[in-house]
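In case you want the letters, here they are:
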Amino acid sequence: MVHQPSSQPRLSPSSDTEDMAEMSKLLAPRLAYFAGVARTEHVTRAAQEMNVPQSTLSRSMARLEQDLGVDLFARHGRTVSLTPAGRTFLTSVERALAEVERAAEEVRADADPTTGKVAFGFLHTMGAETVPGLLHAFRADHPRVRFSLVQNYGEAMLERLRAGELDLCLTSPVPDAPDLVARRLDEQKLRLVVPGDHLLAGRRRIRLAEAADETFVTLEPGYGLRRITDDLCKEAGFKPRIAFEGEEAETLRGLVAAGLGVALLPPPAVPRPGVVELTVTAPRAAREIGVAWLEGHPDTPPVAAFKKFLLSRRGSLLP
């Protein structure tokens, strides 16, 4: 027996999606037309109020009822009244239209050049001094611009950037990815932090190779500073022996103060008692700080203004 293929075409998932998208595109204006006719109970008057041809409005209502498979209106000459199904439908339509209008007002407000919003991400280590100082300086000329601030490690911020949840982020290392634009802004030296009673505490400078036998405390894998630490130790000729992994630099500094290891860290916002911070002379211990944004993503006026401000701070970003 030879199997005969069905003459009925089968829709692929992609074509189903396309059909749904096309239906949604057509349905949206019909909902506004429906609400207008329901409000006036008169097709001609509704057409005049919405500035559309009466024939267009009549066809839209007929097609909407056809798509839904129910009668929304009872016709009485030139006037109409809602059927029970129409009243039920109107409640949801008005709620949906109000939500769309609320969302439109929100995005218009976020894009306002004077009072708009910037979603800005930055590293935890930049939250104590650097970012507050930047925002203070920026708001001198843009006092009403609002900010949504996110502190996180570099890779997590880049994920949120790609997801459209952030407009800009300060991160390290400066990313190199085809879907992102990144600009180097500044450089921050790293220090070897040791307990105050450590044998090295009397030193001011150190070659990192001299710490090869020390126990390290570091950030968790995935953090930019952890990658830099691993790379610097490798360049110095050893793999660090790690006792503790954390999520914040100041927590690591506390672990060092407690005598639980040494760490490569950027300078603290406020000097911490119980630790000594040594300048690393070799290899060169520093991390680049940069700003990143999504390639091809259009900027609202407040985002464009803040981006321009950040780029103007190249070489003087850090306090």
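Above this text you will find the structure in question.
First things first, this report covers the structure right here in the doc. (Residues numbered from 1 in each chain as written. Predicted model: local features only at pLDDT ≥ 70, side-chain atom pairs only at ≥ 80, totals over all residues. Heavy atoms only, no water.)

1. Digging into the packing of helix H5 (residues 130–138) against helix H9 (residues 301–312)
Pairs of packed helices are described in terms of their axes, by the angle between the two and the distance that separates them. Inclusion rule: To get an axis, fit a line to the C-alpha atoms, keeping to the stretch in contact for a helix; angles then go from 0 to 180 degrees between the N-to-C directions. Only runs of H or I of at least four residues qualify as helices and only runs of E of at least two qualify as strands under DSSP, and these elements are numbered from the N terminus. Crossing handedness: left-handed means the near helix sits turned counterclockwise from the far one by under a right angle, and right-handed means the same turn made clockwise. Throughout, a contact is declared for two residues whenever any of their heavy atoms are within 4.5 Å. Residues are grouped as follows: Ala, Val, Leu, Ile, Met, Phe, Trp, Tyr, Cys and Pro are nonpolar; Asp, Glu, Lys and Arg are charged; every other residue, Gly included, is polar.
The geometry of H5 relative to H9 is characterised by a closest axis approach of 11 Å and an angle of 115 degrees between their N-to-C directions. In the crossing of H5 with H9, the sense of the turn from one axis to the other is right-handed. Contacts from Leu134, Leu135, Ala137 and Phe138 in H5 reach Pro302, Ala305, Phe306, Phe309 and Leu310 in H9. Its residues assigned to classes, the contact of H5 with H9 comprises nine nonpolar, no polar and no charged.

2. So, empty space enclosed by the protein
Rules: The definitions used throughout rest on a 1 Å grid laid over the protein atoms alone, on which a cavity is an enclosed set of points accommodating a 1.4 Å probe that cannot get out and a pocket is an open set flanked by protein within 12 Å on both sides along at least five of seven lines; lining residues are those having an atom within 4 Å of a point. Grid points are joined across faces, edges and corners, and a volume is the space filled by probe spheres set on the points.
Here the structure, examined in full by the defined rule, presents three cavities of 30 Å³ or more. Here the largest cavity is characterised by a volume of approximately 120 Å³. If you trace the largest cavity, you find 15 residues lining it, with Leu123, Thr125, Leu219, Tyr223 and Arg287 closest to the centre. A class-by-class count of the residues in the lining of the largest cavity yields six nonpolar, six polar and three charged. Lining the second largest cavity, in full, are Leu161, Leu166, Asp167, Trp293, Leu294, His297, Asp299 and Val303.

3. Side note on the packing of aromatic side chains
Note the following rule: The criterion for an aromatic pair is that two Phe, Tyr or Trp rings (for Trp, the six-membered ring) have centres within 6.5 Å, with stacked assigned to planes under 30 degrees apart, edge-to-face to planes over 60 apart and tilted to the rest. Burial classification: accessible surface area is computed with a 1.4 Å probe over protein chains only, and a residue below 20% of its type maximum counts as buried, one above 50% as exposed, and the rest as partly exposed.
Here the structure, examined in full by the defined rule, presents 11 aromatic pairs. On the basis of an interplanar angle of 85 degrees and a centroid distance of 5.9 Å, the ring pair of Phe138 and Phe147 is categorised as edge-to-face. You can call Phe138 buried: its relative accessible area is 1%. Pairwise contacts between aromatic rings join Phe120, Phe122, Phe138, Phe147, Phe306 and Phe309 into one cluster.

4. Considerations on the side chain of Arg226
To keep things clear, this is the line we draw: The term polar contact refers here to a pair of N or O atoms within 3.5 Å; inside protein, the definition further demands a hydrogen-donor-capable atom paired with an acceptor-capable atom, and it admits residues adjacent in sequence only when both atoms are side-chain atoms.
Residue position: Arg226 is located in helix H7 (residues 224–235). The exposure class of Arg226 is buried, given its relative accessible area of 10%. In terms of polar contacts, Arg226 uses its side chain to reach the side chain of Thr218, at 3.3 Å. Here Arg226 is in contact with Thr218, Leu219, Glu220, Pro221, Ile242 and Glu245, once residues within four sequence places are set aside.

5. Details of the nonpolar core
Nonpolar side chains tend toward joint burial in soluble globular proteins. Heads up, the rule is: Buried residues of nine kinds, namely Ala, Val, Leu, Ile, Met, Phe, Trp, Tyr and Cys, make up a nonpolar core once their side-chain atoms join them within 4.5 Å.
Counting residues in each nonpolar core, the largest one holds 34 residues, and the members touching the most others are Phe120, Met126, Phe147, Leu168, Leu170, Phe306 and Leu310. Of all the secondary-structure elements, those providing two or more residues to this core are strand E3 (117–122), H5, strand E4 (146–151), helix H6 (154–162), strand E5 (168–171), strand E6 (180–189), strand E13 (286–294) and H9. Leave out the neighbours within four places in its chain, and Phe147 touches Lys117, Val118, Phe120, Leu135, Phe138 and Phe306. Residues Leu219, Tyr223, Ala249 and Leu252 belong to the second largest nonpolar core, which totals 31 residues.

6. Quick notes on the pairing of strand E7 (residues 191–195)
Note the following rule: For two strands to pair, DSSP has to find at least two bridges joining them.
Of all the five residues making up E7, four are buried; the element is thus mostly covered by neighbouring parts of the structure. Here E7 runs beside strand E12 (residues 275–282); their pairing, made up of five bridges, is antiparallel. By the bridge assignment for E12, Pro195 is matched with Val275.

7. What to know about the side chain of Thr130
Relative to the helices and strands, Thr130 resides in helix H5. Residue classification places Thr130 among the buried residues on the basis of a relative accessible area of 8%. Excluding its chain neighbours within four sequence positions, the residues that come into contact with Thr130 are Leu317, Leu318 and Pro319.

8. What to know about the pattern of salt bridges
What counts is decided by this rule: Here a salt bridge means any side-chain nitrogen of Lys or Arg lying within 4 Å of a carboxyl oxygen belonging to Asp or Glu.
Counted by the stated rule, this structure contains 18 salt bridges. With its nearest N and O atoms 3.3 Å apart, the salt bridge here joins Glu49 to Arg39. With a gap of 10 residues between them, Glu49 in helix H2 (residues 43–50) and Arg39 in helix H1 (residues 13–40) connect regions that are remote in the sequence. Across the salt bridge formed by Arg184 and Glu288, the nearest N and O atoms sit 2.9 Å from each other. Of this pair, Arg184 sits in strand E6 while Glu288 sits in strand E13, and the two are 104 residues apart along the sequence. Look at Arg184 and you get partly exposed, because its relative accessible area is 37%. Within this structure, Arg184, Glu187, Arg284 and Glu288 form a network of salt bridges that share partners.

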